[in-house]
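Commentary on secondary and tertiary structure
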Amino acid sequence: MLNTYDFPEFPYVQSEDQISGQTVRHPVVIVGGGPVGLTAALDLAAQGIKVVVLDDNNTVSVGSRAVCYAKRPLEIWDRLGVGERMIEKGVDWKLGRVFLRDKEVYTFDLLPEDGHKIPAFINLQQYYLEEYMVEACDRNPLIDIRWKHKVLSLRQYDNYAEIAVETPDGIFTLEAGWLLACDGANSDTRRMVGAEFAGQFFQDRFLIADIVMKADFPAERWFWFDPDFHRGQSALLHKQSDDVWRLDFQLGWDADPEVEKRPENIIPRVRAMIGEDVEFELEWASVYQFACRRVDQFRHGRVLFAGDAAHQVSPFGARGANTGVQDIDNLSWKLAAVLRGEAPIALLDTYHAERAYAADDNLLNSTRSTDFITPKNGASKRFRKAVLDLANKTEFARPLVNSGRLSTPTPYLDSALNTADGGAWKGRMTPGTCASDAPIVVGGKDGWLLDQFTGGFVLLALGVEAEPVDAGAFTPKVVTLGSSFDDPKGLVSERYDAEEGALYLIRPDQHISARWRRFDADAVKSAISKATAGAI
Amino acid sequence: MSLNLKPNIESPDDFYQLLTDAQRDLSDEDANDMNARLVLILANQIGSLNDLQEAIEIAK
């Protein structure tokens with residue numbers, strides 16, 4: 001199995017901390033070197049913060065696991081310098097087809113809006129993603145990844161957490177000013193902290209099989225309800241990189257995972273789906289069941305939860321890793337500001353407020369998809385059948401078909417960090433929303449708007465005279481249409497409703513904090529104060 | 001309450017006959033399937049989530 005990929009083996013190195021026997025306090029310790037933990041390391045290091053990453057293994061994710069990566073996380077990775085490589089290696093797609101039995105019920109097109117640097121979605125095996133991030137971490141002197149370091153216990157004090165870590169050389173103690181728990185759905189850290197992780201379990205099992213085949217199926221997401229080749233269940237086919245295809249078969253609750261995982265039982269299922277004459281090889285398989293649940297508080301003292309450790313969703317909709325990376329986007333600038341003593345710890349509580357809100361939105365979407373895919377009783381099954389029958393014939397029923405609602409960023413519409421609009425605005429750039437990209441011209445060359453929003457707060461002045469505003473550590477960089485960049489296609493003006501002039505305050509995580517029609521230094525200052533939990 | 005609970009169906013007896021005739025020769029299973037489709041078609045006609053929510057509450 002796994003013939004298309006050679007797993008790197010990262011070296012275990014005994015740390016100076018363990019050799020010296022002295023307990024060292026690190027400003028930030030990240031537990032877990034998966035997509036979320038590695039993103040956290042890169043994002044914090046990008047802001048000048050030293051981090052230690054502890055991972056109990058010494059390689060990347062085994063099996064492709066997470067497959068679909070959405071636009072927003074790719075934008076975050078692009079900002080961190082690793083996105084381009086992922087997009088280049090990944091499979092770009094935008095069409096999804098839904099079948100009932102052997103008939104196509106309807107087709108959806110993600111219809112990505114033109115004029116964005118980053119595609120709507122790519123598919124890429126999780127191990128490539130992790131490999132690229134590990135390489136970027138290794139190049140960064142602020143990041144110290146320690147492989148084969150397993151956290152055994154945790155104790156919290158007023159301003160740090162103390163952890164016992166086991167390595168091949170024994171057990172030693174380490175202190176963390178802040179500990180980021182990015183250790184996945186089965187987070188040991190969460191158990192050690194005693195955080196509650198409540199939600200809904202689903203009584204169903206699914207088989208994932210990754211196969212290598214050279215077939216002329218298109219790079220589309222194909223989802224079957226009750227297919228002829230797998231009656232009474234659902235199935236999914238989706239292309240990844242290197243001619244690897246992700247197949248997913250619903251098995252029902254009574255299936256025995258050990259039996260289903262055996263190649264002799266998987267191969268006939270695959271044959272039935274892709275046809276008798278298509279040559280393929282089985283790469284990796286896993287049987288999973290899932291739950292939709294989240295941690296009670298994203299911050300427990302000095303421990304901050306992110307990714308699957310904080311919230312677990314069903315795989316339908318690609319909301320796991322994609323959401324986790326956005327947790328980090330939200331957390332890292334806040335944590336960096338707190339660590340530098342520029343903002344109060346209260347800013348970190350807004351991490352919980354904003355990301356728990358996003359997690360609940362994801363959980364809701366994920367639970368609804370799951371309820372459609374695995375109906376809980378005869379009546380739900382009947383309604384689903386009715387939806388699918390009608391979707392084939394009539395347009396109105398198609399939006400009711402739910403084979404997974406694909407991950408999009410949740411706007412923090414009610415966040416206490418937002419400054420409410422003073423007047424009427426058109427378009428999507430409401431405070432709390434992730435800033436939209438647009439093609440621009442910078443210094444005579446083609447460029448992208450989002451690439452201008454780096455290095456802290458930004459004041460985006462569109463047809464408005466803006467002066468520099470002194471807000472201490474949070475003094476915004478002024479980006480002005482006409483002098484910093486040009487908007488020949490007019491898409492910035494259109495997306496930011498700037499015909500009458502517009503001034504936007506944009507947070508370090510590229511979310512809209514406030515907007516006005518004209519410049520007022522005091523208004524900008526008080527919006528920054530609001531967006532930083534009263535730091536200025 | 002915005003849902004119209006006053007008589008609104010034109011020619012109630014004709015409607016009732018249409019409905020029962022359509023299912024006269026169906027098994028319970030097929031009739032239930034048809035009812036589910038009918039609910040969805042009528043729900044789409046109503047459209048408003050508030051009205052649909054009221055209707056669901058009344059039907060419970």
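Presented here is an overview of the structure given in this document.

To continue, consider the packing of aromatic side chains. Residue and element names in this part refer to chain A. Throughout the structure, instances matching the rule amount to 30 aromatic pairs over all chains. Plain terms: the ring middles of Trp222 and Trp224 are 6.1 Å apart, the flat faces sit at 80° to each other, and that makes the pair edge-to-face. Overall, the relative accessible area of 15% leaves Trp222 in the buried class. Taking the relative accessible area as the measure of exposure, Trp224 reaches 8% and is therefore buried.

Moving on: the nonpolar core. One recurring pattern in soluble globular proteins is that nonpolar side chains are buried together. Counting 96 residues, the largest nonpolar core has Ile30(A), Met86(A) and Leu180(A) as the members making the most contacts within it. The greatest single-element share of this core, amounting to 9 residues, is contributed by helix H9 (residues 320–339) of chain A. Those residues in contact with Met86(A) that lie beyond four places of it in its chain are Leu74(A), Trp77(A), Ile122(A), Leu124(A), Leu129(A), Tyr132(A) and Met133(A). By size, the runner-up hydrophobic cluster in this structure holds 37 residues, among which are Ala70(A), Phe225(A), Leu390(A) and Leu40(B).

A few words now on the layout of surface pockets. Each pocket or cavity is described by its volume, and for the second largest pocket that value is around 1,200 Å³. As for the second largest pocket, its lining consists of 37 residues, and the residues nearest its centre are Phe383(A), Val39(B), Leu40(B), Ala43(B) and Ile56(B). Looking at the lining of the second largest pocket, the elements with two or more residues in it are helix H10 (346–373) and helix H11 (378–393) of chain A together with helix H1 (12–23), helix H2 (28–46) and helix H3 (49–59) of chain B. Looking at the lining of the second largest pocket residue by residue, the classes come out as 24 nonpolar, 7 polar and 6 charged.

Residue and element names in this part refer to chain B. A grouping of Ile9, Phe15 and Tyr16 is seen on the molecular surface, where their side chains present a nonpolar patch of about 330 Å² in accessible area. Its location among the elements puts Tyr16 in helix H1. Look at Tyr16 and you get exposed, because its relative accessible area is 56%.

The rules we used
Residues numbered from 1 in each chain as written. Chains lettered and ligands numbered in written order. Predicted model: local features only at pLDDT ≥ 70, side-chain atom pairs only at ≥ 80, totals over all residues. Heavy atoms only, no water. Phe/Tyr/Trp six-rings, centres within 6.5 Å; stacked < 30°, edge-to-face > 60°. Buried < 20%, exposed > 50% of the residue type's maximum accessible area, 1.4 Å probe, protein only. Core = buried A, V, L, I, M, F, W, Y, C linked by side-chain atoms within 4.5 Å. Helix = DSSP H or I, 4+ residues; strand = E, 2+ residues; numbered from the N terminus. Contact = heavy atoms within 4.5 Å. 1 Å grid on protein atoms, 1.4 Å probe; cavity = no way out; pocket = protein on both sides within 12 Å on 5 of 7 lines; lining within 4 Å. Points joined across faces, edges and corners; volume = space filled by probe spheres on them. Nonpolar A, V, L, I, M, F, W, Y, C, P; charged D, E, K, R; others polar. Patch = residues over 30% accessible without salt bridge, like charges linked within 9 Å, V, L, I, M, F, W, Y side chains within 5 Å. Areas by Shrake-Rupley, 256 points an atom, 1.4 Å probe, with all protein chains shown as cover. Salt bridge = Lys/Arg side-chain N within 4 Å of Asp/Glu carboxyl O.

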